[in-house]
Amino acid sequence: PNAYIVVVGCYAQLKPKEIAEIPGVDLVLGAAEKFNIAHHLNNLEKKEQGEYKSSEVCDADFFVQAYSMDERTRSFLKVQDGCDYSCSFCTIPLARGKSRSDQLDHVIENAQKIAESGIREIVLTGVNLGDYGAGLEGGESFYKLIQELDKVEGIDRFRISSIEPNLLSKEIIEFVSQSKRFVPHFHIPLQSGSDTILKKMRRRYLSNLYEQRVNWIREFMPHA
């Protein structure tokens with residue numbers, strides 16, 4: 001009951017004042033502030049009224065490296081953050097900021113550290129994973145990223161987490177089909193099979209594009 005409670009995350013960026021009024025909440029930190037949590041903890045005494053420190057989401061324009069190390073044989077490696085899409089049903093761009101990516105050499109270095117720890121599988125994660133390369137110079141792309149990761153020794157399996165159908169190119173699918181380490185696994189969002197609804201949602205694909213991607217996967221990897 002006397003625990004000092006700090007709230008972070010998408011909701012904390014979108015509705016900080018609302019959360020601060022919840023009984024028991026002591027501090028709410030927005031998207032840019034949450035990475036400096038230690039600087040906001042002057043003491044851990046419970047407060048009568050919660051405080052919130054939140055700036056405009058445009059201030060969250062930097063990338064913070066992160067990967068998990070407590071999943072036994074699997075690690076989740078963050079390579080991308082934020083989203084530049086404007087889907088009508090989604091508040092993520094308002095909560096996480098613009099699309100941005102980790103430097104390619106940082107990603108490879110982190111993958112090597114994970115391999116050295118004995119973990120055998122890495123799951124690549126991001127808010128809009130297939131948009132990897134956004135904010136970077138040098139023509140980086142998700143396709144180039146997976147090519148380089150495929151060379152990392154010590155990792156048996158790389159897995160692509162959720163990827164937008166319009167960003168899942170034929171060259172990515174073909175590469176995975178021939179890869180030494182990328183598993184034949186695709187998690188592709190489909191909000192609706194109706195083109196009318198997809199247009200109203202402002203999604204960046206229609207049903208025929210989605211069907212095409214599935215057919216490419218079946219062509220190259222019937223077992224996927």
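1. A word on the packing of helix H6 (residues 170-178) against helix H8 (residues 207-220)
Helices that pack against each other are described as a pair by the angle of their axes relative to one another and the distance between those axes.
For step 1, the next point in the chain: Relative to each other, H6 and H8 sit at 25°, their axes nearing to 10 Å. What the angle tells us is that H6 and H8 run roughly parallel. Here H6 runs over H8; the crossing is right-handed. Contacts between H6 and H8 involve Lys170, Ile173, Glu174 and Ser177 from the first element and Arg213, Trp216, Ile217 and Phe220 from the second.
For step 2, the next point in the chain: In terms of residue class, the contact of H6 with H8 is built from four nonpolar, one polar and three charged.

2. Focus: the layout of surface pockets
For step 1, the next point in the chain: Approximately 290 Å³ is the volume found for the largest pocket.
For step 2, the next point in the chain: Looking at the largest pocket, it is lined by 17 residues, and the ones nearest its centre are Cys83, Ile92, Val127, Glu164 and Arg203.
For step 3, the next point in the chain: When its residues are assigned to classes, the lining of the largest pocket shows eleven nonpolar, four polar and two charged.

3. Let's talk about the side chain of Asp26
For step 1, the next point in the chain: Position of Asp26 among the secondary structure elements: in the loop between helix H2 (16-20) and strand E2 (27-29).
For step 2, the next point in the chain: In this structure the side chain of Asp26 is engaged in a polar contact, spanning 2.9 Å, whose partner is the backbone nitrogen of Lys47.
For step 3, the next point in the chain: Contact partners of Asp26, with chain neighbours within four places excluded, come to Ala3, Tyr4, Ile5, Lys46, Lys47, Gly50 and Glu51.

4. Points about the pattern of salt bridges
For step 1, the next point in the chain: Inspection of every chain in the model, using the stated rule, returns 14 salt bridges.
For step 2, the next point in the chain: Among the charged side chains, a salt-bridge network with shared partners connects Arg74, Glu121, Arg157 and Arg159.

5. Digging into the sheet that holds E2
For step 1, the next point in the chain: Strand order in the open sheet made by the three strands is E1-E2-E3, with parallel pairing throughout. Among the strands making up the open sheet, the edge pair consists of strand E1 (6-7) and strand E3 (51-53).
For step 2, the next point in the chain: Sheet topology places E2 next to E3; three bridges connect them, and they run parallel. Bridged to Leu29 within E3 is Lys53.

6. Examining the nonpolar core
For step 1, the next point in the chain: Among the nonpolar cores identified, the biggest contains 37 residues, and Leu124, Phe142, Leu149 and Phe182 are the most heavily contacted of them.
For step 2, the next point in the chain: Listing elements by their share of this core, those giving two or more residues are helix H4 (104-116), strand E8 (121-125), helix H5 (142-149), strand E9 (157-160), H6 and H8.
For step 3, the next point in the chain: Counting residues per element, this core draws most heavily on H4, at six residues.
For step 4, the next point in the chain: For Phe182, the residues in contact, after removing those within four places along its chain, are Leu124, Ile146, Leu149, Asp150, Phe158, Ile160, Phe175 and Val176.
For step 5, the next point in the chain: Counting residues in hydrophobic clusters, the runner-up holds five residues, among them Ala12, Ile19, Val25 and Val28.

7. Here we look at the sheet that holds strand E5 (residues 74-78)
For step 1, the next point in the chain: Strand order in the open sheet formed by four strands is E4-E5-E8-E9, and the pairing between neighbours is mixed. Looking along the sheet, the strands with just one partner apiece sit at the ends: strand E4 (66-67) and E9.
For step 2, the next point in the chain: In terms of strand pairing, E8 meets E9 through four bridges, oriented parallel. Opposite Val123, over in E9, you have Arg159 as the bridge partner.
For step 3, the next point in the chain: Relative to E5, H4 is tilted by about 165°, and along the sheet it contacts E4, E5 and E8.

Quick notes on the rules
Residues numbered from 1 in each chain as written. Predicted model: local features only at pLDDT ≥ 70, side-chain atom pairs only at ≥ 80, totals over all residues. Heavy atoms only, no water. Axes fitted to C-alpha atoms, helices over the stretch in contact; angles between N-to-C directions. Helix = DSSP H or I, 4+ residues; strand = E, 2+ residues; numbered from the N terminus. Parallel < 35°, antiparallel > 145°, perpendicular 65-115°, else oblique. Left-handed = near helix turned anticlockwise from the far one by under 90°. Contact = heavy atoms within 4.5 Å. Nonpolar A, V, L, I, M, F, W, Y, C, P; charged D, E, K, R; others polar. 1 Å grid on protein atoms, 1.4 Å probe; cavity = no way out; pocket = protein on both sides within 12 Å on 5 of 7 lines; lining within 4 Å. Points joined across faces, edges and corners; volume = space filled by probe spheres on them. Polar contact = N/O pair within 3.5 Å; in protein donor to acceptor, adjacent residues only side chain to side chain. Salt bridge = Lys/Arg side-chain N within 4 Å of Asp/Glu carboxyl O. Pairing = 2+ DSSP bridges. Core = buried A, V, L, I, M, F, W, Y, C linked by side-chain atoms within 4.5 Å. Buried < 20%, exposed > 50% of the residue type's maximum accessible area, 1.4 Å probe, protein only.

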